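These are the residues of each chain, in order.
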Amino acid sequence: MHRPTPQEDLENLDLQSMDVPDVIPIFPLPKTVLMPGEVLPLHVFEPRYRALVRDTVATHKVIGIVGVVPGFESDLPGSPPVREVGCIGYIASHEELPDGRFLLWLLGLERFRIVEELETATAYRQVRVQYEPTHESPKRLAEIRELRKEMRDLLPSLVELDAAALGQFAGHVADVSDAQLIALACQILDLGSDRKQEVLEAPSLSERFLMLYEDLYKHLDVNPGVEKLDPDRLN
């Protein structure tokens, strides 16, 4: 029997029909920010988070990924203060290893703001959240159409691939959603967690694009010689 790959699992998701709860478990991670549209692989080995995964897989399959406040990383594996804004991750695929550890592939859905942390009987932390979808008017997105197109054209140039793979990847970048394009840009530009958190907290998609466009050209200034892809090379 064919076991679907994580990518196939993601493609088969019906996100529109998901019922996302307002009380969720959180997985605090140092220097890690999950973006909507991003896929995050996780290796879960600590007992309390193994319990979190088992409980979550049996129910709603969502985990809140939040960053540990800088300077408190040494407080892990305790309960360090976490950033107020995080991103909910859907367990799109998981594998339990013979020793009880888990391999997860999380799909970033939407950002949230922590309203309160709850006192619970579980070993892992749970919070009540308010979801903060990143809305944008079609008019505003149309105003930055050329900027978004330039990002789609330039980003594949920053990935080291052979010609055939580069063309395939560029075609993929051309087809992804705006949220996925933003997540890809964060990965390709290798943004630090502080900058990525700023992008996550930006009030609109257009603000995210403008921030990443600035980061893209800072990257190009430091790495001269990257040119815009010739469309003929991609066909």
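Everything below is about the structure shown above.
Draft legend 1. Just the packing of helix H4 (residues 145-154) against helix H8 (residues 205-222), in detail. Two elements in contact, H4 and H8, have axes whose closest approach is 11 Å; the angle formed by their N-to-C orientations is 40°. If you check the angle between H4 and H8, you find them oblique. With respect to the hand of their crossing, H4 and H8 are arranged in left-handed fashion. Contacts between H4 and H8 involve Leu147, Arg148, Glu150, Met151 and Leu154 from the former and Phe209, Leu210, Leu212, Tyr213, Leu216, Tyr217 and Leu220 from the latter. Its residues placed into classes, the contact of H4 with H8 shows 10 nonpolar, no polar and 2 charged.

Draft legend 2. Seen up close, the packing of helix H6 (residues 178-188) against H8. Packing of H6 against H8 leaves a shortest axis separation of 11 Å and a crossing angle of 30°. It follows that H6 is roughly parallel to H8 by the angle criterion. Like other packed secondary-structure pairs, H6 and H8 cross with a definite hand, here left-handed. Side by side, H6 and H8 meet where Asp178, Leu181, Ile182, Ala185 and Cys186 of the first sit next to Leu205, Arg208, Phe209 and Leu212 of the second.

Parameters and conventions
Residues numbered from 1 in each chain as written. Predicted model: local features only at pLDDT ≥ 70, side-chain atom pairs only at ≥ 80, totals over all residues. Heavy atoms only, no water. Axes fitted to C-alpha atoms, helices over the stretch in contact; angles between N-to-C directions. Helix = DSSP H or I, 4+ residues; strand = E, 2+ residues; numbered from the N terminus. Parallel < 35°, antiparallel > 145°, perpendicular 65-115°, else oblique. Left-handed = near helix turned anticlockwise from the far one by under 90°. Contact = heavy atoms within 4.5 Å. Nonpolar A, V, L, I, M, F, W, Y, C, P; charged D, E, K, R; others polar.

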